[in-house]
Amino acid sequence: MTIIKNGTLVLPDGVRRGELAFENGVITKIAPVLEAGAQDQVFDAQGCLVFPGFIDGHTHLDMDSGTTVTADDFASGSCAAVCGGTTTLVDFATQDKGHTLCEALDAWHQKADGKCACNYAFHMAVTDWNERTCAELPIMKERGVTSFKAYYAYDNLRLDDAQMYQLLCALQPLHGVLGVHCENGTLVNELQQEQLARGVTGPAGHPASRPPVVEAEAIRRLCAVAKLADSTVHIVHLSSAEGLEEVRRARRAGQTVWAETCPQYLVLDDSRYALEGFEGAKYIMSPPLRSEADRQTLRQAVKNGEIDTISTDHCSYRFDTQKVLGKDDFTKIPNGAPGIEHRPALIYTSFVATDEMTAAEMCRLLAENPAKLFGMWPRKGCLAEGSDADITVWDPAARWTIRAATQHQNVDYTPYEGFEAIGRPRAVYVGGELAAKDGEPTGVCAGRYVKR
Ligand code: URP
Ligand code: ZN
Ligand code: ZN
């Protein structure tokens, strides 16, 4: 048995001093004080917060974008995850056109099984909607996939409104959750051509071709489709005040709309696209970074409880060999940025350490709500007797600087270079195994598939 002593536990019903024991991968006892026997291992968490392991509900590992493959695979991505305090990730298995959902799920298991330092689950991204795909949805559920993704952007991935409607209707009897990438792909294509025709070939063309209204329009349309289907929906990577207004409008009308945002939209802004030379390519992601006003509005929404989850949308590409594919044409810059390692530190530093959020609220956004939304609660996302021993012991006094040179993400930059971080995991347990200590991996590969 291992006992974590002297810490402050972030429990579902409050934050209080207490001690926690686990054995065989499961939390067995939580009490104000626990006596350790001679055989027990003790971790002294004096001065630390003890969180349930954080869950990253939005990652793209070992993903082929058509022109290149993400720099992080499941080994490096999960290693970076545990170093930062994340013990479960949910990646997007993605159906190829002309192929089945089962083929996609098999492929993603092959990428991940046996390679992960943290636990992993899969959303299924539906890109080829037809009768065969529809018939596979119950099989997905049998295989532990209860959440799905669809795109309104990217020509090779997107569904139209009729397909979105049919998918939502088909998911209803299965209680499947649908997350949607909300950007109007037709408009994006048009605006991209407009930028290129004006001679804008560099990174600045990216935000110009994906303005907030392109996101807001897609959210509004999705909410209309969901209303017709009488379904709940999940808006992923919400980035703008205009998009948030559409979420509010749907909620006011009585719809259940879950909203996710990402640290990049809370910490960075679109001034990065004006950096010298090709530097702005490091921040090419979709949706793009937004204005300072958008950032402040989203931060307020996080604090108000209007945002349900904060995930990373980790989708890493090297700057020197991959981002550079779009050197002469911003539409060819692979979309995405790394973040799986740094999300807890970014949120702790910029919200909890500044007293804008409590540790319990951070726990809700990074662990509890993703667990509930994605069918893992209470096995994951909470410290409770009987829950999995996925635990992040967080030292709030730690001070460190985010640097590409010292990160574990397999990429040659970080969007947060030089960020002065407050707080860091002292110890991270995955299924009761010590996976990381003081921000460094132990090399233990204890991640398990989370069949939901
Ligand atoms: O730019 C991004 N976000 N790339 C990953 C794919 C997606 O849209 O989520
Ligand atoms: Zn997306
Ligand atoms: Zn994504």
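Conventions used here
Along each chain, residue indices are assigned from 1 in the same order as the chain's sequence is written. The naming scheme follows written order: chains are lettered A onward, ligands numbered 1 onward. At least 70 in pLDDT is required for a residue's local features to be given in this predicted model, at least 80 for side-chain atom pairs to be given and counted, and no such filter applies to totals for whole chains, interfaces and linings, which use all residues. Note that the side-chain values use all heavy atoms of the structure and ignore hydrogens as well as water. UniProt positions are given in the numbering used here, feature names are shortened, and annotations may be inferred rather than shown by experiment. Helical segments are the DSSP runs of H or I of at least four residues, strand segments are the runs of E of at least two, and each set is numbered from the N terminus. When a carboxyl oxygen of Asp or Glu lies within 4 Å of a side-chain nitrogen of Lys or Arg, that pair is called a salt bridge. Working definition: with a 1.4 Å probe on protein chains only, accessible area under 20% of the residue-type maximum means buried, over 50% means exposed, and in between means partly exposed. Only a single heavy atom is needed: when it lies within 4 Å of a molecule or strand, its residue is near that molecule or strand. Nitrogen and oxygen atoms within 3.5 Å of one another constitute a polar contact, given that in protein one can donate a hydrogen and the other can accept it, and given that sequence-neighbouring residues count only through two side-chain atoms. All accessible-area figures derive from a Shrake-Rupley calculation using a 1.4 Å probe, and residue coverage is judged against the displayed protein chains alone. Think of it as three bins: nonpolar holds Ala, Val, Leu, Ile, Met, Phe, Trp, Tyr, Cys and Pro, charged holds Asp, Glu, Lys and Arg, and polar takes everything else, Gly as well. Note on contacts: a residue pair qualifies if any of its non-hydrogen atoms lie within 4.5 Å across the two residues. Each metal site is built from N, O and S donor atoms within 2.8 Å (3.2 Å for Na, K and Ca), and since water is not included, such sites may look incomplete. Site shape is set this way: if four donors have all angles between 85 and 135 degrees, tetrahedral; if opposite donors are over 155 degrees apart and all others between 65 and 115, square planar for four donors and octahedral for six; otherwise irregular. Pairing between strands requires that DSSP locate at least two bridges from one strand to the other. Convention adopted: a line fitted to C-alpha atoms gives each axis, helices being fitted over their contacting stretch, and angles between N-to-C directions are expressed from 0 to 180 degrees. Taken from the helix axis, the directions to the C-beta atoms give the arc we talk about.

The name given to the chain in an unreviewed UniProt entry is Dihydropyrimidinase, with Ruthenibacterium intestinale as the source organism. The UniProt entry for the chain carries the following text under Sequence similarities (unreviewed entry): "Belongs to the metallo-dependent hydrolases superfamily. Hydantoinase/dihydropyrimidinase family." Under the UniProt heading Cofactor (unreviewed entry), the note attached to the chain is "Zn(2+)".

*Asks:* Teacher, can you tell me more about the UniProt feature "domain: Amidohydrolase-related" (unreviewed entry) in the chain here?
*Replies:* Following the UniProt record, the feature "domain: Amidohydrolase-related" (unreviewed entry) maps to residues 49-433 here. A distance of 19 Å separates the end C-alpha atoms of residues 49-433, which is 35% helix and 18% strand.

*Asks:* Looking at this structure, I do not really get the pattern of salt bridges. What am I missing?
*Replies:* A side chain of one charge can pair with a side chain of the opposite charge if their charged atoms are brought near each other. Across all of its chains, the model carries 24 salt bridges by this definition. In this structure, Glu-279 engages Lys-282 in a salt bridge whose closest nitrogen and oxygen atoms are separated by 2.8 Å. Taking the relative accessible area as the measure of exposure, Glu-279 reaches 28% and is therefore partly exposed. Lys-282 gets classed as buried once you look at its relative accessible area, which sits at 15%. What you see here is one network of salt bridges that share partners, running through Arg-379, Lys-380, Asp-388 and Asp-390.

*Asks:* Help me out: how do you make sense of the site of ligand 1 in this one?
*Replies:* All residues adjacent to ligand 1 are His-58, His-60, Lys-149, Tyr-154, His-181, His-237, Met-285, Ser-286, Asp-313, Cys-315, Asn-335 and Gly-336. Separating an oxygen atom of ligand 1 from a side-chain N or O atom of Tyr-154 is a distance of 2.9 Å. Contacts to ligand 1 include His-181, whose side-chain N or O atom sits 3.0 Å from an oxygen atom. In the complex, the protein chains occlude 97% of the 260 Å² of accessible area that ligand 1 would expose alone. Of the residues contributing to the shell around ligand 1, the split by class is three nonpolar, seven polar and two charged.

*Asks:* Looking at this structure, I do not really get the environment of Val-69. What am I missing?
*Replies:* Tracing the backbone through its elements, the reader meets Val-69 in the loop between β6 (54-59) and α1 (74-84). Taking relative accessible area as the criterion, Val-69 reaches 36% and is therefore assigned partly exposed. Spatially, the C-alpha atom of Val-69 lies 20 Å from that of Ala-404, the residues being 335 residues apart in sequence. The residues contacting Val-69, other than those within four sequence positions of it, are Asp-62, Met-63, Asp-64, Tyr-317 and Gln-322.

*Asks:* Hey, could you run me through the coordination of the zinc ion (ligand 2) in this one?
*Replies:* Around a metal, the idealised angle for a tetrahedral arrangement of four donor atoms is 109.5 degrees; for an octahedral arrangement of six donor atoms it is 90 or 180 degrees. Protein-derived coordination of the zinc ion (ligand 2) comes from His-181 (ND1) and His-237 (NE2), at a distance range of 2.1 Å. Here the zinc ion (ligand 2) binds four donor atoms, and the angle range of 55 to 140° at the metal identifies the geometry as irregular. The metal-metal distance between the zinc ion (ligand 2) and the zinc ion (ligand 3) is 3.6 Å. Within this pair, whereas His-181 is found in strand β10 (residues 177-181), its partner His-237 is found in the loop between β11 (233-235) and α8 (241-252), the two being separated by 56 residues in sequence. Given a relative accessible area of 2%, His-237 falls into the buried group.

*Asks:* Honestly, the coordination of the zinc ion (ligand 3) in this entry has me stumped. Any pointers?
*Replies:* Taken together, His-58 (NE2), His-60 (NE2) and Asp-313 (OD) make up the protein donors of the zinc ion (ligand 3), found 2.0 to 2.1 Å from the metal. Of note is the zinc ion (ligand 3), whose four donor atoms meet at the metal with angles of 87 to 136° in an arrangement that counts as irregular.

*Asks:* Is there a simple way to explain the sheet that holds strand β9 (residues 147-151) in this structure?
*Replies:* The strands that make up a sheet are held in pairs by hydrogen bonds between backbone atoms, and each pair lies either parallel or antiparallel. Read from one edge of the open sheet, eight strands run β6-β7-β8-β9-β10-β11-β12-β13, paired in parallel fashion. On the outer flanks of this sheet lie β6 and β13 (309-310), each paired with one strand and no other. As paired strands, β10 and β11 are joined by two bridges and run parallel to one another. Counted as the bridge partner of Val-180 is Ile-235 from β11. Together, β7 (86-94) and β8 (119-125) form the strand contacts of helix α2 (residues 101-112), whose direction differs from that of β8 by roughly 155°.

*Asks:* Is there a simple way to think about helix α4 (residues 161-171) in this case?
*Replies:* An α-helical turn contains 3.6 residues, so any two residues separated by three or four positions project in the same direction. Every buried residue belonging to α4 is among Met-164, Leu-167, Leu-168, Ala-170 and Leu-171, and all of these are buried. Viewed along the axis of α4, the buried residues span an arc of 165°, placing them on a single side of the element. Buried residues belonging to α4 abut α3 (131-142), β9, β10, α7 (212-229) and β11. A side-chain oxygen of the first residue of α4 lies 3.1 Å from the backbone nitrogen of Ala-162; this N-cap is Asp-160.

*Asks:* It is not clear to me how the environment of Gly-336 should be interpreted in this structure. Could you clarify?
*Replies:* The topology assignment puts Gly-336 in the loop between β13 and α11 (343-352). Accessibility expressed as a relative area gives 5% for Gly-336, which makes it buried. Gly-336 sits 54 residues away from Lys-282 along the chain, and the two C-alpha atoms are 8.4 Å apart.

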